[in-house]
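# Structural overview
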Amino acid sequence: MSDEQRRTNVLLEELMSQFRTFGEGLQMLTDKMDTHIEENHNEFNEIISRLDRNHQEHQLLKQMIDDLNTDVKRLDTEVVQLKRVK
């Protein structure tokens, strides 16, 4: 084997080693990103769930306020009627 072929082989081995190292690092980054994406997905689902519960509570409070307003109007009417009777 000539000296030039040896140098070429050494260069190719060095490049292959660097690509292998790069690939391993890329795989580690991919795994880490997958973990973070999954965590973010779970947190997002929890936020959506909380928003849904908040919406339901808000609707219930609105209904309770409407019911109270109806009761106040009824009481106002009854008070007016009582005043007329006096």
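The present account deals with the structure reproduced in this document. Counting starts from 1 at the beginning of each chain's written sequence and moves along it residue by residue. For a predicted model such as this one, the threshold for reporting local features is a pLDDT of at least 70, and the threshold for listing and counting side-chain atom pairs is 80 or more; totals across whole chains, interfaces and linings nevertheless cover every residue. Computation of side-chain values: all heavy atoms of the structure, hydrogens and water removed.

Together, Phe 22, Leu 26, Leu 29, Met 33 and Ile 37 make up a nonpolar patch on the protein surface, roughly 510 Å² of accessible area in all. Counting from the N terminus, the helices are the DSSP runs of H or I reaching at least four residues and the strands are the DSSP runs of E reaching at least two. With respect to the helices, strands and loops of the structure, Ile 37 is situated in helix H1 (residues 3-85). Using a relative accessible area of 51% as the deciding quantity, one classes Ile 37 as exposed. Only residues whose relative accessible area exceeds 30% and that take part in no salt bridge are eligible for patches, with like-charged residues grouped when within 9 Å of each other and nonpolar side chains (Val, Leu, Ile, Met, Phe, Trp, Tyr) grouped when within 5 Å. Areas reported here follow the Shrake-Rupley algorithm with a probe of radius 1.4 Å; residue values treat only the protein chains shown as occluding. Salt bridges, as used here, are contacts in which a Lys or Arg side-chain nitrogen is within 4 Å of a carboxyl oxygen on Asp or Glu. Accessible area is worked out with a 1.4 Å probe on protein chains only. A residue is then buried under 20% of its type maximum, exposed over 50%, and partly exposed in between.

On the surface, a cluster of negative charge is contributed by Asp 31, Asp 34, Glu 38, Glu 39 and Glu 43. Relative to the helices and strands, Glu 38 is located in helix H1. Judged by relative accessible area, which is 45%, Glu 38 ranks as partly exposed. Positive charges come from Lys and Arg, negative ones from Asp and Glu, while His and the chain ends are left out of the count. Here the site of a charge means atom NZ of a Lys, CZ of an Arg, CG of an Asp or CD of a Glu.

Here we come to the pattern of salt bridges. Any two side chains of opposite charge can pair, so long as their charged atoms come close to each other. This model, assessed by the stated rule, comprises four salt bridges. Residue Glu 46 pairs with Arg 50 through a salt bridge whose shortest N-O separation is 3.2 Å. Of the two residues, Glu 46 and Arg 50 are both situated in helix H1; the distance of four residues between them amounts to about one turn of the helix. Note that Arg 74 is salt-bridged to Glu 78, the shortest N-O span being 3.0 Å. Here Glu 78 and Arg 74 lie together in helix H1, a separation of four residues that amounts to about one turn. Using a relative accessible area of 42% as the deciding quantity, one classes Arg 74 as partly exposed. On the basis of relative accessible area, Glu 78 is assigned to the partly exposed category, the value being 35%. Each of the salt bridges in this network shares a partner with another, and the network as a whole consists of Glu 46, Arg 50 and Arg 53.

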